[in-house]
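A look at the structure
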Protein chains: 2
Amino acid sequence: LGSGQTELAKEMLHQLQPGDLALLLESSRSRNRLDIWQLIQPDLYSDVLEELSDDVRNGIIRKMLPEKVADALEEMDTDNLVDTLRGLPQEVAQNLLAAMDEQDRSRAELGLSYGEETAGFIMNTDAITLRPGINVDVILRYLRLKGDMPEHTDTLYVVDRDYRLMGGVALTRLITAAAATPIESLMKTSEAIPASMMDNEVASLFERYNWLSAPVVDENNQLLGRITIDDVVDIIREDAEHSMMSMAGLDDEEDTFAPVIKSTQRRSIWLGVNLLTALMAAAVSDLFEAALSQLAVLAILNTIVPSMGGVAGNQTLTLVIRGMALGHVNSANARWLISKELAIGFLNGVIWSVLIASVIAIWKQDLMLGAVIAFAMLINMIAAGLAGASLPIIMKKLKIDPALAGSVILTTITDVVGIFAFLGSATWLLI
Amino acid sequence: LGSGQTELAKEMLHQLQPGDLALLLESSRSRNRLDIWQLIQPDLYSDVLEELSDDVRNGIIRKMLPEKVADALEEMDTDNLVDTLRGLPQEVAQNLLAAMDEQDRSRAELGLSYGEETAGFIMNTDAITLRPGINVDVILRYLRLKGDMPEHTDTLYVVDRDYRLMGGVALTRLITAAAATPIESLMKTSEAIPASMMDNEVASLFERYNWLSAPVVDENNQLLGRITIDDVVDIIREDAEHSMMSMAGLDDEEDTFAPVIKSTQRRSIWLGVNLLTALMAAAVSDLFEAALSQLAVLAILNTIVPSMGGVAGNQTLTLVIRGMALGHVNSANARWLISKELAIGFLNGVIWSVLIASVIAIWKQDLMLGAVIAFAMLINMIAAGLAGASLPIIMKKLKIDPALAGSVILTTITDVVGIFAFLGSATWLLI
């Protein structure tokens, strides 16, 4: 960029909102991001940082001057501040904390004291609180005096002398109520979220009850802050993406435009695991070397049965993982679900056995070979249904993420069962 | 259930909120849903129906008495009403429309006139509108007179004599402003959403700008209604799930607890497609029958290269599909992205070639065989990177959903290239 063009680019960027600037940074090659960053107005830094994904944000912060980072962080909402600090190397975060003023430091430390995926971590500490025993007129005068309200305020919270949550007053009710109405008659005892609740549970509560915000309390029911729907939207998006990305063996924070070496590293674990399972399948085939060397047609058809089992099993697996994420699958219906998927596996097995047997009987003019592949298909489809439904349920009990490891274990099972059933029965019946 | 237990169950259900009841119905076997439904208080019908997924909701509506359905529909928000009507058979929907009062029918027909995945389809028609030239005191008195506000109201809209949108007044600003403040100084010219905008674009705007609600206008900038964040949350959830479910060949509305026959039917298309591609891979192997019958070891190792290519290609595919869904991948960076993934494919190819060559050289005591499989691995990894990055971009241009068809086309490519490269070079070098 020439210097004239830099000015032009700067002017164009100045017309964008923080959300647009974040999108632009995310869509750019990693090496260009810093150039763009330097053209952004410094007073937007904190807003733009809030909108970025962890990977991209940390990349930028590592290259900013420490005092500029501190300035930007102080203007952030608590939840984003805490999230940013946690993403930085320990030492850097400590230095930044030390540089903050006391109020910012204490709200950051409160958030950091909760686990990464808890309500305490994603809450904001900017809730407006009221005392009992006042009326609408007093509240309205207080709010006018106060002036501005925190972003996304839809409810004010009523707390007692010890800051214990008594209830919430919706702005919509406050506005439509007569001036003399006592606060108690407007107040609803809203469900409060314990600070230790996991964020995906928080998200399902928001979805189930269509909340815009919810209060967060500690174990003594004292109000700590509030969670707003915009943060919940991010959790929902990340949760849903997490399953999809994990099933392909990807980190969900993986940046589409990361440098080549970094991306290669990140993806190699999964390829390594897959190589092991592919070698395991090869070792199973190796047991049947005699049969394979006598009948080359077995080698040609050896991939069909494992492949069909893999697809059928992955369909079941995906469905059950989604059902668990939505809270539809629980211990009461797990057993029934497994038997349902077994039945589907059996039915699928019958259908595709008949079909593949006909295809092979015609293609290879060999009825017995058709019967062998049909038998193997039936066995493997049943195994696929059973494994696809029970694996995620078992893994959840063992606290292993089924989206991450389920698919690879499933494929190993359907590969091994499929090869054993096909080459085993072929050895027995054809040779 | 005995009659005493029915009463008990009824009492328990009466303590649940609509969101909880919907969750209970979704988690139940399809044949039990009607029994549960009959225990629910009729005045909650519309709220519960609003929270259900299409599949489950339609199943229940088909078994309800038509007049009860009409009652429930009239109490629904416009967006859910329209969504429900569209999910029903044409004839049933027509009858229900005819049975509604005129106001409900006209708001339903307005929504139905827009395409299924547009802003017009998901909007509500309950926005509160104000006229210019009044002050805060007048507005507050008007709102108190009006009493209740529609759910999730955070902004009031200012419209001119022809109902053209002039701007929005946030409740938070209204509350904190002095009584004499003119409406014009509170009003912000908020971005309006055209009724024809696609719902996933609406969702990205909400995410990018952290909106709670947004006005919907027609082509003359006349206000039609508003979209609220709770509906956007559903879109975000469905969009993210859609990719995951499609990649496994599932319909995203598929009900985890649907009957066996229905589920088997729904999944069979994908299994059929997979059978064709598996047969195609077998046909490629068939070309090398001579080599396979001379060297059984080729049959044993034949699955390793296609499998690694499939995994690597699917990683790239998933990443690019997600990047496109988030709006990060566009025509400006597509070419660069493809070359990046090619480079990763090459690097992966080198790494895993060396590894697999060493494993095979040791396991099978055959250096040349190791070289052959390494060569095939390198070729297939490069093909996987190229196909994984370019397929979704090409398919999007052709208006084909890459999440649905991308994975199967990709696997076909990596299977065919992998088998050709491995068996071809083996025929050439080893026999």
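Residues numbered from 1 in each chain as written. Chains lettered and ligands numbered in written order. Predicted model: local features only at pLDDT ≥ 70, side-chain atom pairs only at ≥ 80, totals over all residues. Heavy atoms only, no water.

1. What about the overall build of chain A?
Scanning chain A from terminus to terminus reveals 22 helices and 6 strands. Compactness check: chain A gives a C-alpha radius of gyration of 29 Å against a globular reference of 22 Å for 431 residues, more than 25% above the reference. In terms of overall dimensions, chain A has a C-alpha envelope of 90 × 65 × 35 Å along the principal axes. Going through the 431 residues of chain A one by one, you find that 55% of them count as buried. Restricting the contact set of chain A to residue pairs at least 6 apart, pairs at least 24 apart contribute 65%. Charged side chains of chain A number 32 positive and 56 negative; the gap between the two group centres comes to 3 Å. (Helix = DSSP H or I, 4+ residues; strand = E, 2+ residues; numbered from the N terminus. Rg over C-alpha atoms; globule rule 2.2 N^0.38 Å. Buried < 20%, exposed > 50% of the residue type's maximum accessible area, 1.4 Å probe, protein only. Contact = heavy atoms within 4.5 Å. Lys, Arg positive; Asp, Glu negative; His and termini not counted. Charge placed at Lys NZ, Arg CZ, Asp CG, Glu CD.)

2. A closer look at the nonpolar core
In summary, soluble globular proteins display a tendency toward joint burial of nonpolar side chains. Grouped together as the largest cluster of nonpolar side chains are 76 residues, with contacts concentrated most on A:Leu301, A:Ile304, B:Leu301 and B:Ile304. Ignoring anything within four residues of it in the chain, the contact list for B:Leu301 reads A:Ala282, B:Ile360, B:Trp363, B:Leu369, B:Ile373 and B:Phe422. (Core = buried A, V, L, I, M, F, W, Y, C linked by side-chain atoms within 4.5 Å.)

3. What to know about the environment of B:Gly349
Residues and elements named next belong to chain B. One can find Gly349 in helix 20 (residues 331–363). Here Gly349 falls in the buried class, since its relative accessible area comes to 0%. Spatially, the C-alpha atoms of Gly349 and Gly309 are 9.2 Å apart, while their sequence positions differ by 40 residues.

4. Here we look at the interface of chain A and chain B
Each partner contributes to the interface: chain A provides 111 residues, whereas chain B provides 111 residues. Together chain A and chain B conceal approximately 10500 Å² of surface at their shared face, both sides included; 67% is due to carbon and sulfur atoms. Summed over the shared surface of chain A and chain B, the number is 10 salt bridges. A salt bridge links A:Arg322 to B:Glu241; its shortest N-O distance comes to 3.3 Å. Our count for the contact surface shared by chain A and chain B stands at 34 residue pairs in polar contact (both at pLDDT 80 or more). If one sorts the elements of the side of chain A that touches chain B by residue count, helix 16 (residues 260–286) of chain A sits on top with 17 residues. Residue composition of the side of chain A that touches chain B, by class: 57 nonpolar, 31 polar and 23 charged. (Buried area = accessible area lost by both parts, 1.4 Å probe. Salt bridge = Lys/Arg side-chain N within 4 Å of Asp/Glu carboxyl O. Polar contact = N/O pair within 3.5 Å; in protein donor to acceptor, adjacent residues only side chain to side chain. Nonpolar A, V, L, I, M, F, W, Y, C, P; charged D, E, K, R; others polar.)

5. Description of helix 20 (residues 331–363) of chain A
End to end, helix 20 of chain A covers 47 Å across 33 residues, agreeing with the expected 48 Å (1.5 Å per residue, within 8%). Residue A:Gln365 follows helix 20 of chain A closely and has a positive phi angle near 50°. (Expected span 1.5 Å × (residues − 1).)

6. A short note on the relation of the copies chain A and chain B
Placing chain A over chain B gives an RMSD of 0.1 Å and needs a rotation angle of 180°, together with 0.0 Å of translation along the axis. With respect to symmetry, the two chain copies, as superposed, fit the operation of a two-fold axis. When you check the interface residues of chain A against chain B, 100% turn up at the interface there too, and the contact is symmetric in its surfaces. (Least-squares fit on C-alpha atoms with pLDDT ≥ 70 in both.)

7. So, the domain arrangement of chain A
Each domain of chain A was delimited in the assignment, giving domain 1 (3–113), domain 2 (129–228) and domain 3 (260–430). Its C-alpha centre places domain 1 of chain A at a distance of 47 Å from the equivalent point of domain 3 of chain A. (Domains from an automatic or database assignment.)

8. A short note on the pattern of salt bridges
A complete count under the given rule lists 28 salt bridges over all chains for this structure. The partner of A:Arg266 in a salt bridge is A:Asp55, and the shortest N-O contact between them spans 3.3 Å. In this pair, A:Arg266 sits in helix 16 while A:Asp55 sits in helix 5 (residues 54–61), placing the two residues 211 residues apart along the sequence. Close ionic contact of B:Arg267 with A:Glu341 constitutes a salt bridge, the shortest N to O distance being 2.8 Å. Taken as a pair, B:Arg267 in helix 16 (residues 260–286) and A:Glu341 in helix 20 lie in two separate chains rather than in one. A:Glu341 shares its class with B:Arg267; the two are buried.

9. Observations concerning the side chain of B:Ser285
Among the structural elements, B:Ser285 can be located in helix 16. If we skip the residues at most four places from it in the chain, B:Ser285 touches A:Ile300, B:Leu292, B:Asn302, B:Ile419 and B:Leu423.

10. Some points on a negative patch on the surface
Residues and elements named next belong to chain A. Where like charges cluster on the molecular surface, the negative patch consists of Asp43, Asp47, Glu67, Asp71, Glu75 and Glu151. Take Glu75: it is sitting in the loop between helix 6 (66–74) and helix 7 (78–87). Among the residues examined, Glu75 registers a relative accessible area of 54% and is labelled exposed. (Patch = residues over 30% accessible without salt bridge, like charges linked within 9 Å, V, L, I, M, F, W, Y side chains within 5 Å. Areas by Shrake-Rupley, 256 points an atom, 1.4 Å probe, with all protein chains shown as cover.)

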